[in-house]
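Take a look at the letters that make up each chain.
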Amino acid sequence: MARMAGRRTLSAVPVLLAVTFGVFAVAALSPFDPVKAYAGTAGLTASQADLDQLRANLGADRPLVTRWWDWLCSALTGDLGTSSVMRQPVADVITERVGWSALLAACAFTVAVLAGTLLGVLAARRQGGPLDRTVSALAYTLEAAPAFWLGLLAIWFFSVRLGALPSGGLTDAGSDTVTAGQVASHLVLPALVLGVSQLPWFFLYVRQGVADALAEDPVRGARARGLAERSVLLRHALRSGMLPMLTLIGSRVPELITGALLVETVFSWPGIAAATVQAATAVDFPLLAALTVLATAAVLAGNLLSDLLYGLADPRVGFDG
């Protein structure tokens, strides 16, 4: 396992380098002027000479490769530049927000995996039954539902209509302190919405995997030996049926990041995803470059995690093969 993880980590290095260079290349081809974005409203009335001087001060007039190499060398020392929209070092922006994004993503993934597994097992046990038909139809519907639409619907129903849960933010309005109770109540809606947006894939994979496992000879043999149905389902069918879902974990990370971009924006959750939207709309290149690399690293880590989980669950898979 350690050898495979080491190889995958080493192979991620050129991928990250390519992504960072691609970010700089796209920025160079972009019609947006980072100097005018940095200057803000003052750039509308500034002379061309002042803009050129500001461009030189920011290093925006240097060749693409030089700017990329300087940024890369600085990033390796922990200096990711300064965010123009946040008015603070990029490293501080990420440090302050990454924890909230990790909390939201962990809760959402827990909801999606647990609910998807439970519903998938129940549906596979009685294929074609009322529960199977109902949940399957709902899953296919949710696959086509955008995360931001689910978020707005949840705010309308739970916050506006029922008044049961807060509609956004991290704490109550006017509160000067962040308490665990406030964070928990404000986390419920965004975590549920993000989790429900990921649930259909886990449900469908578990349902199909368990249904196929129930038709295999080992499961039929276990039933013939007189084992209880619960034992057959949980100890035999579920373990075999969960294997395809483990590979799904890594592939859902990009969708989780995309969904988090929308969910954090809708619910004003102070995470990395919301900062990405602000960086993109404000053409905040230092922050956008760092967040893009961070998202790429998360995707690579998710793929590695799915491979490790699959290998642990199935002894036939060799880590060093």
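Thresholds applied
Residues numbered from 1 in each chain as written. Predicted model: local features only at pLDDT ≥ 70, side-chain atom pairs only at ≥ 80, totals over all residues. Heavy atoms only, no water. Helix = DSSP H or I, 4+ residues; strand = E, 2+ residues; numbered from the N terminus. Buried < 20%, exposed > 50% of the residue type's maximum accessible area, 1.4 Å probe, protein only. Contact = heavy atoms within 4.5 Å. Areas by Shrake-Rupley, 256 points an atom, 1.4 Å probe, with all protein chains shown as cover. Salt bridge = Lys/Arg side-chain N within 4 Å of Asp/Glu carboxyl O. Patch = residues over 30% accessible without salt bridge, like charges linked within 9 Å, V, L, I, M, F, W, Y side chains within 5 Å. Axes fitted to C-alpha atoms, helices over the stretch in contact; angles between N-to-C directions. Left-handed = near helix turned anticlockwise from the far one by under 90°. Nonpolar A, V, L, I, M, F, W, Y, C, P; charged D, E, K, R; others polar. Expected span 1.5 Å × (residues − 1). Bend = angle between axes of the 7 residues up to and from the residue. Phe/Tyr/Trp six-rings, centres within 6.5 Å; stacked < 30°, edge-to-face > 60°. Core = buried A, V, L, I, M, F, W, Y, C linked by side-chain atoms within 4.5 Å. pLDDT = per-residue confidence, 0-100. Parallel < 35°, antiparallel > 145°, perpendicular 65-115°, else oblique.

(A) Quick look at the overall build of the protein. Counting its regular elements, the protein contains 14 helices and two strands. Taken across its 321 residues, the protein has 37% of its residues classed as buried. Excluding contacts between residues fewer than 6 apart, the proportion of contacts in the protein whose partners are at least 24 apart in sequence is 72%. As displayed, the protein offers around 17,000 Å² of accessible surface, 65% of which is attributable to carbon and sulfur atoms.

(B) Main features of the pattern of salt bridges. All chains considered together, the criterion is met by one salt bridge. In this structure, Asp132 engages Arg207 in a salt bridge whose closest nitrogen and oxygen atoms are separated by 2.7 Å. Remark: Arg207 occurs in helix α9 (residues 180-214) and Asp132 occurs in helix α7 (residues 130-143); sequence separation between them is 75 residues. Of the two residues examined, Asp132 and Arg207, each falls in the buried class.

(C) Seen up close, a nonpolar patch on the surface. Among the surface-exposed residues, Phe148, Trp149, Leu152, Leu153, Trp156, Phe157, Phe158, Val160, Leu162 and Leu262 lie close enough to one another that they form a single nonpolar patch of about 950 Å² accessible area. The leading source of residues in the nonpolar patch is helix α8 (residues 147-161), at eight residues. When you line up the elements, Leu162 lands in the loop between α8 and α9.

(D) Seen up close, the packing of helix α6 (residues 90-125) against α9. With their axes 4 Å apart at the nearest point, α6 and α9 run at an angle of 35° to one another. The element α6 and its partner α9 pack so that their crossing is right-handed. When the residues that make up the contact of α6 with α9 are grouped by side-chain class, the tally is 27 nonpolar, five polar and two charged.

(E) Molecular detail of unusual backbone geometry. We note that Ser268 has phi near 55°; this positive angle belongs to a residue other than glycine. With respect to the helices, strands and loops of the structure, Ser268 is situated in the loop between α12 (243-266) and α13 (272-281).

(F) Representation of α8 in the model. If you check α8, its first and last C-alpha atoms are 20 Å apart, about what 15 residues at 1.5 Å a residue would give, namely 21 Å. Residues of α8 that are buried include every one of Ala147, Leu150, Gly151, Ala154, Ile155 and Ser159, and no others. Summarising the contacts, the buried residues of α8 are in contact with α7, α9 and α12. Of the residues trailing α8, Gly163 is marked for its positive phi of about 65°.

(G) View of α6. Taking 1.5 Å as the rise per residue, α6 with 36 residues should run 52 Å; its terminal C-alpha atoms sit 50 Å apart, in good agreement. If you look at α6, its biggest bend is around 35°, right at Arg97.

(H) A look at the packing of aromatic side chains. Counted by the stated rule, this structure contains seven aromatic pairs. Relative to Phe202, the ring of Phe109 has its centre 5.7 Å away and its plane inclined at 80°; by these criteria the two rings are edge-to-face. Taken together, the residues Phe109 in helix α6 and Phe202 in helix α9 connect sequence positions 93 residues apart. What makes Phe109 buried here is its relative accessible area of 16%. On the basis of relative accessible area, Phe202 is assigned to the buried category, the value being 0%. Here Trp156 and Phe157 contribute two aromatic rings whose centre-to-centre distance is 6.2 Å and whose plane-to-plane angle is 45°, an arrangement assigned as tilted.

(I) Here's a closer look at the nonpolar core. Core analysis: the biggest nonpolar cluster contains 41 residues, and Leu194, Phe202, Val210 and Ala237 have the highest contact counts within it. For this core, the secondary-structure elements that each account for two or more residues are α6, α8, α9, α11 (229-241) and α12. Per-element tally for this core: the top contributor is α9, with 12 residues. In terms of nonpolar packing, the next biggest core, distinct from the first, is built from 19 residues, Met86, Val93, Phe285 and Val293 among them.

(J) Seen up close, the confidence of the model for the protein. In this model, the protein carries an average pLDDT of 80, and 87% of its residues clear a pLDDT of 70 or more. Across the protein, the secondary-structure element scoring lowest on mean pLDDT is helix α3 (residues 42-45), at 65, and the one scoring highest is α8, at 91.

(K) Structural context of the packing of α8 against α12. Here α8 crosses α12 at 30°, and the two axes come no closer than 8 Å. With respect to each other, α8 and α12 are oriented roughly parallel. Considering how the two elements wind past one another, α8 and α12 form a crossing that is right-handed. Between α8 and α12, the contacting residues are Ala147, Phe148, Gly151, Leu152 and Ile155 on the first element and Gly259, Leu262, Val263 and Val266 on the second. Across the contact of α8 with α12, the residue classes tally to seven nonpolar, two polar and no charged.

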